[in-house]
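These are the residues of each chain, in order.
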Amino acid sequence: MKAALHAVTAPAPALPPYVASGNECALFGHAWRHQLPVLLKGPTGCGKTRFVAHMAARLGLPLHTVACHDDLTAADLTGRYLLRGGDTVWADGPLTRAVREGGICYLDEVVEARKDVTVVLHPLTDDRRILPLERTGEELAAPERFMLVVSYNPGYQTLLKALKPSTRQRFVAIEFGFLAPEQEIAVVAAESGLSPDRVRPLVALAGRLRALKGHDLEEGVSTRLVVYCATLIAAGMPTADAVLAGMIEPLTDDADVKAALLDVARAVIG
């Protein structure tokens with residue numbers, strides 16, 4: 001029998017650091033107060049998940065995070081009957097727990113989940129705000145303290161994996177991008193411990209590599225990777241080795257593309 005999905009649920013007592021690039025915090029707050037579902041879209045590693053954690057702590061809400069994947073089904077989110085000690089008992093999934101208890105349910109990279117997942121979300125994303133549980137015969141009404149947030153990377157959408165317009169139009173949408181260079185330098189320096197002066201060329205390199213997206217690369221360098229690279233340098237690793245391990249190798253397996261990226265790195269960093 002398939003095991004129940006275990007989402008990461010946290011009360012988030014401390015405020016995770018987050019640097020706003022626009023009015024996203026205010027917009028999220030308005031959506032929360034008016035019980036509107038939110039869709040976050042943007043490239044990998046640009047801060048979407050950190051933003052949700054920040055806002056959950058800021059609003060004093062439990063956060064139920066589910067990393068979506070190819071095998072994620074509606075039953076994984078809502079719940080299923082399990083055998084426990086010889087008895088058959090119902091176990092709520094993370095979405096059902098969030099609806100019962102309140103808080104933010106965050107589905108990260110929702111397009112990776114199976115198509116039946118979006119069907120389950122629809123009743124929660126209109127004026128009904130209900131979650132029907134066919135297996136138990138329940139119809140749960142979402143409390144005022146419940147909020148549904150989903151995210152995805154538009155760059156990875158294909159004909160087989162894409163949010164239908166009928167689903168997208170059920171959400172307030174916030175588009176995320178990478179921070180301005182000076183903001184990104186400050187964030188990377190703060191999280192890695194490397195001085196801003198030494199972070200500056202890494203952020204400049206990230207900008208050059210991001211410009212190659214759609215040409216030699218499927219995806220640009222995330223802020224997360226820049227932090228990893230800076231952390232390695234702060235720990236004493238030579239810059240060239242840290243750049244290779246933290247910002248080049250994760251982007252491609254193609255030897256020719258890798259060599260071209262290294263040329264760019266040497267031109268920018270020296």
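As the structure is a prediction and not an experimental result, all values here were calculated from the model.

Colleague: Looking at this structure, how should I read the nonpolar core?
Modeller: Nonpolar side chains tend to gather and get buried jointly when the protein is soluble and globular. Ranked by internal contacts, the top residues of the largest apolar core, which has 28 residues, are L95, L107, F146 and L148. Among the secondary structure elements, those contributing two or more residues to this core are α3 (74–78), α4 (94–101), β6 (103–108), α5 (115–121), β7 (130–133) and β9 (146–152). The biggest single contributor to this core is β9, with 4 residues. Sequence-distant contacts of F146, that is, excluding residues within four places in its chain, are made with W32, L95, A98, V99, G102, G103, C105, L124 and R129. Membership of the second largest hydrophobic core comes to 27 residues, among which are I185, V188, L225 and A230.

Colleague: Which parts of the structure should I look at to understand the packing of aromatic side chains?
Modeller: To describe a pair of aromatic rings, you give the distance between the ring centres and the angle between the ring planes. This structure, assessed with the given rule, holds 4 aromatic pairs. When the ring of Y18 is compared with that of F51, the centres are 5.2 Å apart and the planes differ by 55 degrees; the resulting orientation is tilted. Of the two residues, Y18 is situated in the loop between β1 (8–10) and α1 (24–33) and F51 in helix α2 (residues 48–59); the sequence distance between them amounts to 33 residues. Taking relative accessible area as the criterion, Y18 reaches 18% and is therefore assigned buried.

Thresholds, definitions, all that
- Residues numbered from 1 in each chain as written.
- Predicted model: local features only at pLDDT ≥ 70, side-chain atom pairs only at ≥ 80, totals over all residues.
- Heavy atoms only, no water.
- Core = buried A, V, L, I, M, F, W, Y, C linked by side-chain atoms within 4.5 Å.
- Buried < 20%, exposed > 50% of the residue type's maximum accessible area, 1.4 Å probe, protein only.
- Helix = DSSP H or I, 4+ residues; strand = E, 2+ residues; numbered from the N terminus.
- Contact = heavy atoms within 4.5 Å.
- Phe/Tyr/Trp six-rings, centres within 6.5 Å; stacked < 30°, edge-to-face > 60°.

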